[in-house]
Amino acid sequence: LAFLPHGMADGDQPEEQPVLISLEEGDKNKPDILLAIEGKTPADAKKYSRVMHMFDGNNAEELAAARALWKQYQSLGFTLNYWKQDAKGAWQAEA
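Quick caveat, the model's predicted, so the values are computed rather than measured. (Residues numbered from 1 in each chain as written. Predicted model: local features only at pLDDT ≥ 70, side-chain atom pairs only at ≥ 80, totals over all residues. Heavy atoms only, no water.)

## As for helix α1 (residues 60-75)
An ideal rise of 1.5 Å per residue puts 22 Å on 16 residues; α1 measures up with 23 Å between its terminal C-alpha atoms. Of the surrounding secondary structure, the elements contacted by the buried residues of α1 are β4 (50-53). Positive phi shows up at Gly77, right after α1, with a value of about 85°. (Helix = DSSP H or I, 4+ residues; strand = E, 2+ residues; numbered from the N terminus. Expected span 1.5 Å × (residues − 1). Contact = heavy atoms within 4.5 Å.)

Put into C-alpha cells, the structure is as follows:
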C-alpha cells in the first residue's frame, strides 16, 4: 500500500475522510477502528470494533501503562492480541 487516503480532523470535510488524523478522540467520520498513540486511551473503547494501542516496549513507563490497559480491557471481556517486533523488525504475534 503506497498511499492511505486521509485528512485532518480540523481540515475540510472530515466526515468524508476514510482515515482521520486527530489529536483528540472524535466521531466526525464515524470511525470503526481507533489507533491510539502516546498513551491516549478512548473514553469508550466498546464503541469501536477494534482499538490498537502503539507504545514503546523499551520505555518502562509506556510498558507499565500498556500492561495496566491490557488488564482493564481483559476485565471488560475484549479479545486481546499483542504484537512485538523481532530483532529483524518483523512483527510477531506474542499473545
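## Concerning the packing of aromatic side chains
One pass over the full model with this rule turns up 2 aromatic pairs. Between Tyr73 and Phe78, the ring centres sit 5.1 Å apart and the planes meet at 65°, which makes this aromatic pair edge-to-face. Its relative accessible area of 25% is what places Phe78 among the partly exposed residues. (Phe/Tyr/Trp six-rings, centres within 6.5 Å; stacked < 30°, edge-to-face > 60°. Buried < 20%, exposed > 50% of the residue type's maximum accessible area, 1.4 Å probe, protein only.)

## Here we look at the confidence of the model for the protein
Here the protein shows a mean pLDDT of 91. Residues at 70 or above account for 99%. By mean pLDDT, strand β2 (residues 20-21) is the weakest element of the protein at 90, and α1 is the strongest at 94. (pLDDT = per-residue confidence, 0-100.)

## A few points about a negative patch on the surface
On the surface, Glu38, Asp56, Glu61 and Glu62 cluster together to form a negatively charged patch. Among the secondary structure elements, Glu38 is positioned in the loop between β3 (33-36) and β4. Using a relative accessible area of 68% as the deciding quantity, one classes Glu38 as exposed. (Patch = residues over 30% accessible without salt bridge, like charges linked within 9 Å, V, L, I, M, F, W, Y side chains within 5 Å. Areas by Shrake-Rupley, 256 points an atom, 1.4 Å probe, with all protein chains shown as cover. Salt bridge = Lys/Arg side-chain N within 4 Å of Asp/Glu carboxyl O. Lys, Arg positive; Asp, Glu negative; His and termini not counted. Charge placed at Lys NZ, Arg CZ, Asp CG, Glu CD.)

## Structural notes on the side chain of Gln17
Relative to the helices and strands, Gln17 is located in the loop between β1 (7-8) and β2. Here Gln13 takes part through its backbone oxygen, which lies 3.4 Å from a polar atom of the side chain of Gln17. Contact partners of Gln17, with chain neighbours within four places excluded, come to His6, Gly7, Asp12 and Asn29. (Polar contact = N/O pair within 3.5 Å; in protein donor to acceptor, adjacent residues only side chain to side chain.)

## Quick notes on the environment of Asp86
In this structure, Asp86 sits in the loop between β5 (83-85) and β6 (91-93). Using a relative accessible area of 32% as the deciding quantity, one classes Asp86 as partly exposed. A distance of 3.4 Å separates a polar atom in the side chain of Asp86 from a polar atom in the side chain of Gln92.

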